[in-house]
Structures are given as C-alpha cells and as structure tokens.
Amino acid sequence: MEEHPEVLKIEQKFPSWRDMLKPVTEKDFKPGFYHYPILEKDAQALGIPYRDWDPLDKDWKLPPDWKETFLNKFKELLDKYRSLKVFMDICVRCGACADKCHYYVGTGDPKNMPVARAETLRSIYRRYFTKIGQIFGEWAGARELTEDVIKELYYYFYQCSLCRRCSAFCPYGIDTAEIVWRGRELLNSIGVSHRFSFISIAASARTGNHLGLLPGGVAGALQSVAEDVYDITGIEIEVPVNKKGAEILFVSPSADFFATPHWYVCMGYLMLFHELGLDYTWSTYASEGGNFGTFQSYELAQKLNHKIYEEAERLGVKWILGGECGHMWRDKHQFMATMNPPPKTLEDPVNPITGTYFENAAETKMVHIAEFVADLIKHKKIKLDPSRNDHWKVTFHDSCNTARGMGLFEEPRYVIKNVCNYFYEMPEHTIREKTYCCGSGGGLLTEEVMELRMRGGMPRAMALKHVHKRFGVNFLCTICAIDKAAFPHLLEFWKLPVEVGGMMELVGNALIMKDEDQERTTDLRGNPLPGRGEE
C-alpha cells in the first residue's frame, strides 16, 4: 500500500459559479486523487476504444472525432434515459446536497459538492441541448466541450463512489450517482476509461469472478474454508459445487473465499448451511455476486449479471440466495429482473426450513442472506449462544447499496442483536438511509487514489470513533465486501483499534452445531473465547 500523508489538511474554497465553469486540467491533478488509465488487454477484451495515454500528459491523444462521438452518445443517453434529462433540467442549485458528500467534507474541494459535480456535465448539456444555453452561453451556465473539460470530467467523475447519500437530501430527488454513471459511459465512448473497474469487469466476463479464478481455484478455495471450519469445530463439511438439481444456488462476492476478513464470513455460510442440511450449491461460473459493470454502463452490468440466471437455469435450481455484498445487491434489487428476464425454471423463493414465502423476492427470485437468517431466527430454527461474541462490542455500518439501494435496515440489525450481547448504534445522522460511504466504493478501491479514500472515509471514521470512545466498540460489522476490504486501511489511518468483519462471522461464532463433540474454545478467527480458552 502506498504511504499515507501524515496530515490531511482540508481547505475550504468558495468560488463563484462563473469560476466553477473553468475546468481543471492535468496541471491541477494531485497524486492520490487521479486514476490510472485502462489496460490494453482489458480494453480489447471488452471492446473499449484503447490508446496509450497518461492522465498527466497535456495531450491525451483523443480520437479525431472525439467531440462528435461524445455528443452523439450524450444525445443517445438523453433519449434513452428520461431520468437523465430530468436531472439535467431540474436542479435549482439550492445547495441542500453540498455538505452531504463525504468527499467534499474530506477534501473541501468545491467541485466535489454533488451539485458542482453534476454541473460539470450539466454545463455541456446546456450548451449543446438547450436553446437558452446556445443563446446565452456562459451566462446560462453553459460551456464549450473542450479537451480540458474532458480532463475535468475524468478527474471528478472518479472522485465519486456513487453512494447516493446526496440524493437522500435533494428536495427534487436528483440522483447524482446516475449522472456520474452516464458521465463515465460518455468518457468510455471516447476511450477515456480508468483501470481498476475494468480489471475486475474483464476478469469476471472471462472466468465468472473478479479474481479471475478458474473452476479448480474456486472449488479449492471453498474446500480450504471448510478445512478451517473443521479446525474450529471438528465438523467435516462437504461443499457442494456445480450440483445439478439442488434447490438453491448460492452466490457471494468472490472475496468471501479469498480475502480476510471476508473469509470468516464464508466460514459462517458453510457452517449454517451444513447445520440446516440445506440443499444448495455454489457455482464456479456464477462465482461472483459483485458487478463492477454497474459503475460503468448498463450494458456491462447486464453482461455480468446474466451469468447468475444462466447458471441457475443450467443447474436446475428453484431460487437464488445471495451473500454479503454491496453493489451486488443494488444491481440485483434495482435492475436484475429487467436486465435479464429470470428463467422460467425458477420459482418464487420459499424458505425450505421455515416455509416462509419471500414475497419481496418474487420478481428476481433472489433472497439476501440477512433476510434468510433473520427468518430462521424468528422461527427459532437455529440454536445460538450470543455469549461466544462477548469479546466483541459491535456496531453496524449500513453499506450504501444495501441501505439506500434496497432499504435493508432492520434484518441485519435483528440478526446481530440475536447473536451478540453488546450492540451499539453510531450517531443517527450517519446510519440507515443517511449512512456515510466507506470512501472506496464505486470503483475507487485502488491504491492510486489512497489519499482521496482516506479523506472520503473520514466522516464514517469519526462516527465510529464516537462509539469506540463512548462504549468501547471494537468490532465494525458490515455486509459489503468492499467495506471489508476498505475499512481496515481506513481505521489504521485514523488510528482506530477496531476490527472489521461481517454478520455471518458473528452468526458462525454463535451457532450451536449439533455435530460438535466438544465445546469451542476460540472464535472463527482463532481468538480465545471469554472464559473458555486461553486469554
């Protein structure tokens, strides 16, 4: 990891709207804030225009017809997405969103205010697609599309994590994340694409997961997780992979069987499914729930999303259960049923243990693991010992996409409160639909923008600091794979001695399994349990 700056200085600037129309250029790009360009092999694999360029060069070697291509694509998107045209027209610059963005709070850069970020594109819209902008130009907030403007779009559209917190405060409901999404799509049309998202997109399109793991690698990783469960519980678990005719297809982010602390969450999945005797299967092709295409274009999101339904049909399952992920669930909840129609072989999800009919998932045929576990607890179908988590004082971070994207507020809290004895909420203005982003979502989980990530994560870190100091919170629970990867670095930077983990890790700790022949002495991380192991 790149070295963090010792001190983050936040300088507030208040330029006029006329000054805001002046684009920043490569001379203004700061290390730690701008992204590296797409790799040639990933561009070629995905059909993205490619050329060799550097964001710090004056000449970005744009294609000869770049302006015409950009504006034609803009018109196509305006015709296709009514919401985009409404968002371009409706803003009154009231400023309600201004201080709601974690990047603005952490950087003080006025162009990181959501209203200003949107204005970088809205000014082009006014100039080329409205009469008032064509007649009055700058006086109407319009500006010419130049190469410097392209540079500014690239710089600021990748300083947004698409978390949508600003939209929760906009009186008109403007979704700046959708504006940024379309803006990135426009940049892609002229070959101005960033590196990080497309590495994951290309790998997922090729192998089924972000890591590029082949089938043997996926199966081997899951077997290693099962072996770790054996070491803790003494129970041998057979992991079903590509099992045709299973009732349920389980899909999780690939980080769950590759990285930590995600690994402990995967142990929790295997333990629960074994204890229930669930008839389910993993897939080595639908081996990724996350969808980085969602950060770039509808078509790329659709392309990656398709594999889940395709595998569900091939394996002959009845419905789909999904694990702890963020953008996976925004994608599934908001777009899945229209991106790719569900196979006719799928049925409306019914919990085989409780008989509960998941009406909310009838359209997509896909249930969130928090809903599934909450239902089991509600019907007393699993035995739990919350005291096994007594060494943790837990708080819950609402992941942006599961919170604002699908309204999943209560189920994870219900589960956590049933598997832990000590749970504390962070301040009200930082949770549920008002939750702050980790600072690394939306394609920003890359080291070249580390300073931006540390600044953007500051509001969440300060809320956590509050409950750490007041209640001694030492465990931040989250149900998003990017959160689990981002928070350890963020909390190290802000000097917060708090561990990061997932809901299913806590469930796995508390779960009393009937085949265990001796009392557990450690949690899933190997930490001694209070009063039962070496302390």
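Model, not experiment: these values are computed from the prediction. (Residues numbered from 1 in each chain as written. Predicted model: local features only at pLDDT ≥ 70, side-chain atom pairs only at ≥ 80, totals over all residues. Heavy atoms only, no water.)

### Considerations on the sheet that holds strand β4 (residues 366-368)
Then step 1. With parallel pairing, the four strands of this open sheet are ordered in space as β2-β1-β3-β4. On the outer flanks of this sheet lie β2 (280-281) and β4, each paired with one strand and no other.
Then step 2. Summarising the sheet, strand β1 (residues 248-251) and β2 pair through two bridges and their orientation is parallel. Within the sheet, the bridge partner assigned to I248 lies in β2 and is Y280.
Then step 3. With respect to the sheet, helix α15 (residues 327-334) is in contact with β1, β3 (319-322) and β4, its orientation differing from that of β4 by roughly 140°. (Pairing = 2+ DSSP bridges. Helix = DSSP H or I, 4+ residues; strand = E, 2+ residues; numbered from the N terminus. Contact = heavy atoms within 4.5 Å. Axes fitted to C-alpha atoms, helices over the stretch in contact; angles between N-to-C directions.)

### Looking at the side chain of E275
Then step 1. Along the chain, the position of E275 falls in helix α13 (residues 262-276).
Then step 2. E275 sits in the buried class, given a relative accessible area of 15%.
Then step 3. In this structure, E275 is in contact with L511, I512, M513 and K514, ignoring residues within four places of it in sequence. (Buried < 20%, exposed > 50% of the residue type's maximum accessible area, 1.4 Å probe, protein only.)

### Looking at empty space enclosed by the protein
Then step 1. Considering all chains together, one arrives at four cavities of 30 Å³ or more under this definition.
Then step 2. Of the pockets and cavities examined, the largest cavity occupies roughly 190 Å³.
Then step 3. Forming the walls of the largest cavity are 21 residues, and the residues nearest its centre are S161, C400, N401, G441 and G442.
Then step 4. Broken down by secondary-structure element, the contributors of at least two residues to the lining of the largest cavity are α10 (176-189), α15, α18 (400-403) and α22 (481-493).
Then step 5. Of all the elements, α10 adds the most residues to the lining of the largest cavity, at three residues.
Then step 6. Classifying every residue of the lining of the largest cavity gives 10 nonpolar, eight polar and three charged.
Then step 7. Looking at which domains feed residues into the lining of the largest cavity, each of domain 1 (17-193) and domain 2 (202-510) gives three or more.
Then step 8. The volume enclosed by the second largest cavity comes to roughly 150 Å³.
Then step 9. Lining the second largest cavity are 18 residues, and of these C91, C97, V115, C170 and I174 sit closest to its centre.
Then step 10. At the level of secondary structure, the elements contributing two or more residues to the lining of the second largest cavity comprise α6 (114-129) and α9 (165-169). (1 Å grid on protein atoms, 1.4 Å probe; cavity = no way out; pocket = protein on both sides within 12 Å on 5 of 7 lines; lining within 4 Å. Points joined across faces, edges and corners; volume = space filled by probe spheres on them. Nonpolar A, V, L, I, M, F, W, Y, C, P; charged D, E, K, R; others polar. Domains from an automatic or database assignment.)

### A closer look at a negative patch on the surface
Then step 1. A grouping of E40, D52, D54, D57, D59 and E147 is seen on the molecular surface, where their side chains present a negatively charged patch.
Then step 2. Tracing the backbone through its elements, the reader meets E147 in helix α8 (residues 147-157). (Patch = residues over 30% accessible without salt bridge, like charges linked within 9 Å, V, L, I, M, F, W, Y side chains within 5 Å. Areas by Shrake-Rupley, 256 points an atom, 1.4 Å probe, with all protein chains shown as cover. Salt bridge = Lys/Arg side-chain N within 4 Å of Asp/Glu carboxyl O. Lys, Arg positive; Asp, Glu negative; His and termini not counted. Charge placed at Lys NZ, Arg CZ, Asp CG, Glu CD.)

### Describing helix α14 (residues 298-315)
Then step 1. Here α14 contains 18 residues, and its C-alpha end-to-end distance of 26 Å stays within 8% of the 26 Å for a straight helix at 1.5 Å per residue.
Then step 2. Taken together, the buried positions of α14 are Y298, L300, A301, L304, N305, K307, I308, Y309, E311, A312 and L315.
Then step 3. Just beyond α14, the residue with positive phi is G316, at close to 75°. (Expected span 1.5 Å × (residues − 1).)

### Comments concerning the packing of helix α3 (residues 66-80) against α6
The packing of two helices is summarised by the inter-axis angle and the distance between the axes.
Then step 1. Between α3 and α6, the least distance of the axes is 12 Å, while the angle of their chain directions is 95°. Classified by the angle their axes make, α3 and α6 are roughly perpendicular. In this structure, α3 uses K67, F70, L71, F74, K75 and L78 to contact α6, whose residues at the interface are L121, I124, Y125, Y128 and F129. (Parallel < 35°, antiparallel > 145°, perpendicular 65-115°, else oblique.)

### Some thoughts on the environment of L213
Then step 1. Looking at where L213 falls in the secondary structure, it is placed in the loop between α11 (196-207) and α12 (215-233).
Then step 2. For the pair formed by L213 and V500, sequence separation is 287 residues and the distance between their alpha carbons is 25 Å.
Then step 3. When near neighbours in sequence (up to four residues on either side) are disregarded, L213 contacts T207, V218 and F257.

### Overview of the packing of aromatic side chains
Then step 1. As enumerated under the stated definition, the model contains 27 aromatic pairs in all.
Then step 2. Geometrically, the ring pair formed by W53 and Y154 is edge-to-face, given 5.5 Å between the ring centres and 70° between the ring planes. Separated by 101 residues along the polypeptide, W53 in the loop between α2 (40-46) and α3 and Y154 in helix α8 bring together distant segments of the chain. The two residues W53 and Y154 agree in class, both being buried.
Then step 3. With 4.7 Å between their ring centres and 65° between their planes, F250 and Y269 make a pair best called edge-to-face. In this pair, F250 sits in strand β1 while Y269 sits in helix α13, placing the two residues 19 residues apart along the sequence. For the pair F250 and Y269, a shared accessibility class is recorded, and that class is buried.
Then step 4. Positioned over the ring face of F169 is K100, at 5.1 Å from the centre of the ring. (Phe/Tyr/Trp six-rings, centres within 6.5 Å; stacked < 30°, edge-to-face > 60°. Lys NZ or Arg CZ within 6 Å of the ring centre and 35° of its normal.)

### Section: the pattern of salt bridges
Then step 1. Summed over the entire model, instances satisfying the criterion amount to 34 salt bridges.
Then step 2. A salt bridge links R314 to E311, with the shortest nitrogen-to-oxygen separation between them at 2.6 Å. Here the residue R314 and the residue E311 both occupy positions in helix α14, the gap between them amounting to three residues, near one helical turn.
Then step 3. Between R520 and E516 there is a salt bridge whose closest N-O contact spans 2.8 Å. E516 matches R520 in its accessibility class, with the two residues each being buried.
Then step 4. Put simply, K73, E76, E178, R182 and E185 are held in one network by salt bridges that share partners.

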